[in-house]
Amino acid sequence: MDYNEKLDAAIARLHDEGRYRTFIDIERRNGQFPHAVWTKPDGSQQDITVWCGNDYLGMGQNPVVIEAMEEALRATGAGSGGTRNISGTTVYHKQLEAELADLHGKEAALLFTSAYIANDATLSTLPKLFPGLIIYSDALNHASMIEGVRRNGGAKRIFRHNDLGHLRELMEADDPAAPKLIAFESIYSMDGDFGPIEEICDLADEFGALTYIDEVHAVGMYGPRGAGVAERDRLMHRLDIINGTLAKAYGVMGGYIAASAKMCDAVRSYAPGFIFTTSLPPAIAAGAADAARSARPAIRPLAVLRSLAAGATRLTRAALTAGLPAAALPARGVHRPVASHVGGLEGEIPPVVARATLLSGIALQPLMPRRPF
């Protein structure tokens, strides 16, 4: 077999489908959020404004967060020294898990190296804990949730996005005695809309199902203490497992689940994605804990949110003026630096638009077409 030929064909397919990803080399400037410097392929540099970053509030450059990380770095060194089972559990990890459990009103929380891993590891492990488990997953769930559901070897049902009637239909068709779990998101990042949390919880109660919600795009942004949309809507107590990230509104890295102490203990004990990987560096855990506290709505600068919302409005108007299909979506209007959704662009058009805006000093990232579940 000509392996290089196969690799060429695989990459060519991505180009043909408009799904080939390109990276730009940027360096953020501490204290100048959201500005950065782009190093071009020829080595020259240009100042840019990053409109597509995940560090929604600039917490990655917050002096309090940086100071906490520096103190932990000087105290403990660069790495954790091992997996959580082998010398990789430190006081910083335990303090962060306690902070996150309190944030979501749960008995416990469990740290992972990313929210992707948290979703993948947890959802792929649950059928081991509940034999015969059927997972009902929203069709537009994040890739990490899709991968976890695919890999778990159990039964799965895919319901149309936010379609409660279809979800009910699928649940009614299954054995009433079978263990069940509904997996969904509070905010769907690719489309910018909200999940019907209360209605899904009602269905879960009716059919005796567990609930699993991804609050990745909402933690730090919604609710009285920044715990997410479920906190804003006073529904956290009805959710069994809450997934969140430390890499978006909190500006650092890592992910977690918050749940009952028994649930976290079981996932901790059975999930390979937790057991067999080096834990987050203590400095990261220390910074994330301070970020979680500093990003609470009561103390974060409202001017940042007003600026983001204003930028979203300007982008929507510009897109409509240019004849592009665009919509100001309520979820993105709050939590994204660029809050508008511009659709209808396929193939090579998005990369061309991204390159043009980059040359003008604005960094945008084209979104690739969604892969089917």
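Up top you'll find the structure we're talking about.
Residues numbered from 1 in each chain as written. Predicted model: local features only at pLDDT ≥ 70, side-chain atom pairs only at ≥ 80, totals over all residues. Heavy atoms only, no water.

Participant: Can you help me understand the overall build of the protein in this one?
Facilitator: Regarding its fold elements, the protein presents 14 helices and 13 strands. Counting only residues that meet the buried cut, the protein has 48% of its 373 residues in that class. Restricting the contact set of the protein to residue pairs at least 6 apart, pairs at least 24 apart contribute 69%. Approximately 17700 Å² of the protein is accessible, and the part contributed by carbon and sulfur atoms is 55%. (Helix = DSSP H or I, 4+ residues; strand = E, 2+ residues; numbered from the N terminus. Buried < 20%, exposed > 50% of the residue type's maximum accessible area, 1.4 Å probe, protein only. Contact = heavy atoms within 4.5 Å. Areas by Shrake-Rupley, 256 points an atom, 1.4 Å probe, with all protein chains shown as cover.)

Participant: How do you make sense of the sheet that holds strand β1 (residues 25–28) when you look at a structure like this?
Facilitator: The strands that make up a sheet pair up through hydrogen bonds in the backbone, lying either parallel or antiparallel. Spatially, four strands are ordered β1-β2-β3-β13 in an open sheet, and the strand pairing comes out mixed. On the outer flanks of this sheet lie β1 and β13 (362–363), each paired with one strand and no other. Relative to strand β2 (residues 35–39), β1 is paired through four bridges, and the arrangement is antiparallel. Along β2, the bridge assignment pairs isoleucine 26 with tryptophan 38. (Pairing = 2+ DSSP bridges.)

Participant: Is there a simple way to explain helix α2 (residues 63–76) in this structure?
Facilitator: Side chains that are three or four residues apart share a direction in an α-helix, a result of its 3.6 residues per turn. The terminal C-alpha atoms of α2 lie 20 Å apart, and with 14 residues this matches the ideal 20 Å at 1.5 Å per residue to within 8%. Considered for burial, the residues of α2 that qualify are Val65, Ala68 and Ala72. Each buried residue of α2 lies within a common arc of 65 degrees when the element is viewed along its axis, so the set occupies one face. Seen from the buried face of α2, the exposed residues on the opposite side, beyond 90 degrees, are Pro63 and Arg74. Along its buried surface, α2 packs onto α3 (91–104) and α11 (282–294). The residue sitting at the N-terminus of α2 and contributing the capping side-chain oxygen is asparagine 62; that oxygen lies 2.8 Å from the backbone nitrogen of valine 64. (Expected span 1.5 Å × (residues − 1). Arc of directions from axis to C-beta. Polar contact = N/O pair within 3.5 Å; in protein donor to acceptor, adjacent residues only side chain to side chain.)

Participant: Could you clarify how one ought to interpret the environment of isoleucine 242 in this entry?
Facilitator: Looking at the secondary structure, you find isoleucine 242 in strand β9 (residues 241–245). The sequence separation of isoleucine 242 and alanine 101 amounts to 141 residues, and the corresponding C-alpha distance is 9.9 Å. Contacts of isoleucine 242, omitting those with residues within four sequence positions, involve His104, Lys106, Ile213, Glu215, Met236, Tyr256, Ile257 and Ala258.

Participant: Could you clarify how one ought to interpret the packing of aromatic side chains in this entry?
Facilitator: Any pair of aromatic rings gets described here by the distance separating the centres and the angle formed by the planes. Within this structure, the stated rule accounts for two aromatic pairs. Relative to phenylalanine 274, the ring of phenylalanine 112 has its centre 5.6 Å away and its plane inclined at 70 degrees; by these criteria the two rings are edge-to-face. A residue pair is termed long-range when its members are at least 10 positions apart, and phenylalanine 112 in strand β4 (residues 108–112) and phenylalanine 274 in helix α10 (residues 272–275) qualify at 162 residues. Phenylalanine 274 shares its class with phenylalanine 112; the two are buried. Taking 5.9 Å as the distance between ring centres and 85 degrees as the angle between the ring planes, the aromatic pair formed by phenylalanine 194 and tyrosine 222 counts as edge-to-face. Here phenylalanine 194, found in the loop between β7 (180–185) and α7 (197–207), pairs with tyrosine 222, found in the loop between β8 (209–214) and α8 (229–232); they are 28 residues apart in sequence, far enough to count as distant. (Phe/Tyr/Trp six-rings, centres within 6.5 Å; stacked < 30°, edge-to-face > 60°.)

Participant: Got a minute to help me understand α7 in this structure?
Facilitator: All of the buried residues along α7 are Ile197, Ile200, Cys201, Leu203, Ala204 and Phe207. Considered in projection along α7, the buried side chains sweep an arc of 160 degrees and stay on one side of the axis. Buried residues along α7 sit against α6 (164–172), β7, β8 and α8.

Participant: Help me understand unusual backbone geometry in this model?
Facilitator: Most of the time, phi is negative for any residue but glycine, and the peptide bond is trans. Cis geometry is found at the peptide bond from phenylalanine 33 to proline 34, where omega equals 5 degrees. By secondary structure assignment, the location of proline 34 is in the loop between β1 and β2. For arginine 234, which is not a glycine, the phi torsion comes out positive at approximately 55 degrees. Using a relative accessible area of 72% as the deciding quantity, one classes arginine 234 as exposed.

Participant: For this particular structure, what's the right way to read the packing of α6 against α7?
Facilitator: Interhelical geometry of α6 versus α7 gives an angle of 15 degrees and a closest axis separation of 11 Å. Regarding the angle of α6 to α7, the classification is roughly parallel. Every pair of crossing elements has a handedness; the one defined by α6 and α7 is right-handed. Residue-level inspection shows Leu164, Leu167, Arg168, Met171 and Glu172 of α6 in contact with α7, the latter providing Glu199, Ile200, Leu203, Glu206 and Phe207. Across the contact of α6 with α7, the residue classes tally to six nonpolar, no polar and four charged. (Axes fitted to C-alpha atoms, helices over the stretch in contact; angles between N-to-C directions. Parallel < 35°, antiparallel > 145°, perpendicular 65-115°, else oblique. Left-handed = near helix turned anticlockwise from the far one by under 90°. Nonpolar A, V, L, I, M, F, W, Y, C, P; charged D, E, K, R; others polar.)

Participant: Got a minute to help me understand the sheet that holds strand β5 (residues 134–138) in this structure?
Facilitator: Read across the sheet, seven strands follow the order β4-β10-β9-β8-β7-β5-β6 without closing on themselves; strand pairing throughout is mixed. Pairing within the sheet leaves two strands with one partner each, and these edge strands are β4 and β6 (155–159). Ignoring strand direction, the axes of neighbouring strands in this sheet form an average angle of 20 degrees. Bridge analysis of β8 against β9 gives three bridges, and the strand direction is parallel.

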